[in-house]
Amino acid sequence: MQTASSKHELRSQLAEHRGKRIVFVPTMGALHEGHASLMRQARALAGAEGIVVASIFLNPVQFDNAGDLATYPQTPEADLAVCRCCGVDFVFMPTPDTMYCADRSMVLEENCLSNVLCGARRPGHFAGVCLVVSKLFNIVQPTDAVFGKKDYQQLAILRRMVRDLDIPVTIHGAEIVREADGLALSSRNVRLTPEHRAAAPAIHRSLLAARVQYEQGTPAAEVCRHVIDTLFRIPGVRVDYVELVDAETLHELQQPSRPALLAVAAYFGEVRLIDNVELPALS
Ligand code: AMP
């Protein structure tokens, strides 16, 4: 496995591999089993002939909260060990200064899917994600990229980005990896207090219960209300949103015959957790 910290270095490492299948996994580091599953999926997609590239870059441009950026865990040595174990061939680890010019003036905004859920509550977040991912795509020039469904809205927006900008990258979605108790793995979980860590699996439990209710015909508003009520009862928890939306448009579900998504964001103390569950199209 080779590492690179400058764009130039990575480009020259990849030069001899152009023409092969290049599968890319962008991350912000503090890698856990969720990231590892993306890397293993990338390895399987690339096969023996192709190559896997991962990036570890804590992108300041996508943070709408300075405290969240300042406290984001960083574990570069352990991250490299995870990449190595998962069969990654190249790791790109730039600094903010090597990624961005001080007077950068381009913005890249998606204007439909970004207006709801997390996008409505985190101004500039998805513009920052689109900017960094498009830059990374230009640097790595992958044929494929893998993103987790844990960040379902991000995945949908990036699919839209490559579609609308004709970026020749196939986007793959990877299933959410969870702790044994159901909590979705997240780099932010280490910042939970022991009490909040113990309470946090309630998110997934309430989503699973909601899915059953939805399948039995309970109206969307009532399904959401049950999840909100469950989370509201946990001390120190503030619900940011619980919404049942069309899984493709991420806007209001017009007909139950379409696949849906039940998405949650909640603050456990200072830590904002997100999770979701896909809901089947109802006949
Ligand atoms: P991040 O480092 O948080 O930017 O995440 C990098 C990639 O890992 C994104 O595509 C995330 O959706 C994905 N990811 C993070 N946590 C999980 C998880 N628990 N299961 C699956 N994918 C995940």
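The shown structure was predicted, so the numbers you read here are calculated from the model rather than taken from an experiment.

Conventions and cut-offs
- Residues numbered from 1 in each chain as written.
- Predicted model: local features only at pLDDT ≥ 70, side-chain atom pairs only at ≥ 80, totals over all residues.
- Heavy atoms only, no water.
- Helix = DSSP H or I, 4+ residues; strand = E, 2+ residues; numbered from the N terminus.
- Rg over C-alpha atoms; globule rule 2.2 N^0.38 Å.
- Buried < 20%, exposed > 50% of the residue type's maximum accessible area, 1.4 Å probe, protein only.
- Contact = heavy atoms within 4.5 Å.
- Lys, Arg positive; Asp, Glu negative; His and termini not counted.
- Charge placed at Lys NZ, Arg CZ, Asp CG, Glu CD.
- Salt bridge = Lys/Arg side-chain N within 4 Å of Asp/Glu carboxyl O.
- Arc of directions from axis to C-beta.
- Pairing = 2+ DSSP bridges.
- Axes fitted to C-alpha atoms, helices over the stretch in contact; angles between N-to-C directions.
- Near = heavy atom within 4 Å.
- Polar contact = N/O pair within 3.5 Å; in protein donor to acceptor, adjacent residues only side chain to side chain.
- Areas by Shrake-Rupley, 256 points an atom, 1.4 Å probe, with all protein chains shown as cover.
- Core = buried A, V, L, I, M, F, W, Y, C linked by side-chain atoms within 4.5 Å.

Describing the overall build of the protein chain
Counting its secondary structure elements, the protein chain contains eleven helices and nine strands. A compact globule built from 283 residues would reach a C-alpha radius of gyration of about 19 Å, and the protein chain, at 19 Å, matches this within 12%. Principal axes of the C-alpha set define a box for the protein chain whose edges measure 55 × 40 × 40 Å. Residues counted as buried form 52% of the 283 residues belonging to the protein chain. Across the protein chain, contacts joining residues at least 24 apart in sequence account for 72% of those joining residues at least 6 apart. Separation of charge centres in the protein chain, based on 28 positive and 32 negative side chains, amounts to 1 Å.

Regarding the pattern of salt bridges
Under the definition given, this model contains 16 salt bridges. For Asp68, the salt bridge goes to Arg188, with nearest N and O atoms at 2.9 Å. A residue pair is termed long-range when its members are at least 10 positions apart, and Asp68 in helix α3 (residues 66–70) and Arg188 in the loop between β6 (170–174) and α9 (194–199) qualify at 120 residues. The buried category is assigned to Asp68, whose relative accessible area is 12%. For Arg188, a relative accessible area of 16% translates into the label buried. Salt-bridge contacts for Asp246 lead to Arg258; the nearest nitrogen and oxygen are separated by 2.4 Å. One end of the pair, Asp246, is in strand β7 (residues 237–246); the other, Arg258, is in the loop between β7 and β8 (260–268), and twelve residues separate them in sequence. What emerges from the salt-bridge pattern is a single network uniting Asp68, Arg188 and Arg191.

Details of helix α4 (residues 76–85)
Within the sequence span of α4, burial applies to Asp79, Leu80 and Cys83. One side of α4 holds all its buried residues, which, seen down the axis, span an arc of 100 degrees. In α4, the exposed positions that point more than 90 degrees away from the buried face belong to Glu77, Arg84 and Cys85. Downstream of α4 by a residue or two, Gly87 has a phi angle that is positive, lying close to 85 degrees.

Notes on the sheet that holds strand β9 (residues 271–279)
Overall, antiparallel pairing links the three strands, which are arranged β7-β8-β9 in an open sheet. Strands with a single pairing partner mark the edges of an open sheet, and in this sheet they are β7 and β9. Each adjacent strand pair in this sheet contributes to an overall mean axis angle of 15 degrees, direction not counted. The pairing of β8 with β9 spans nine bridges and is classified as antiparallel. Looking at β9, one finds that Ala265 is bridged to Ile274. Strands in contact with helix α10 (residues 202–215) are β7, β8 and β9; relative to β9, the strand with the most contacts, it is inclined by about 25 degrees.

Observations concerning the site of the ligand
Lining the immediate environment of the ligand, one finds 17 residues, of which His35, Gly148, Asp151, Val177 and Leu185 sit closest. Within the backbone of Gly148, one N or O atom sits 2.9 Å away from an oxygen atom of the ligand. A distance of 2.9 Å separates a nitrogen atom of the ligand from a polar backbone atom of Leu185. In isolation the ligand exposes 490 Å². Once the protein is present, 93% of that is buried. Elements with a contribution of two residues or more to the shell around the ligand: β2 (22–27), α2 (33–46) and β5 (144–148). Per-element accounting of the shell around the ligand gives the leading share, three residues, to α2.

Focus on unusual backbone geometry
Of all residues except glycine, most have a negative phi; of all peptide bonds, most are trans. Positive phi, close to 55 degrees, is recorded for Ala30, a residue that is not glycine. Inspection of the secondary structure puts Ala30 in the loop between β2 and α2. Using a relative accessible area of 9% as the deciding quantity, one classes Ala30 as buried. Unlike most non-glycine residues, Gln141 shows phi in positive territory, near 50 degrees. Relative to the assigned elements, Gln141 resides in the loop between α7 (125–140) and β5.

Some details on the nonpolar core
One finds Phe137 and Leu250 to be the most contacted residues of the largest nonpolar core, which totals 46 residues. Counting residues per element, this core draws most heavily on α7, which supplies ten residues. The contacts of Phe137, once residues within four sequence positions are left out, are Phe24, Pro142, Ala145, Phe147, Met161, Val162, Ile167, Val169 and Ile171.

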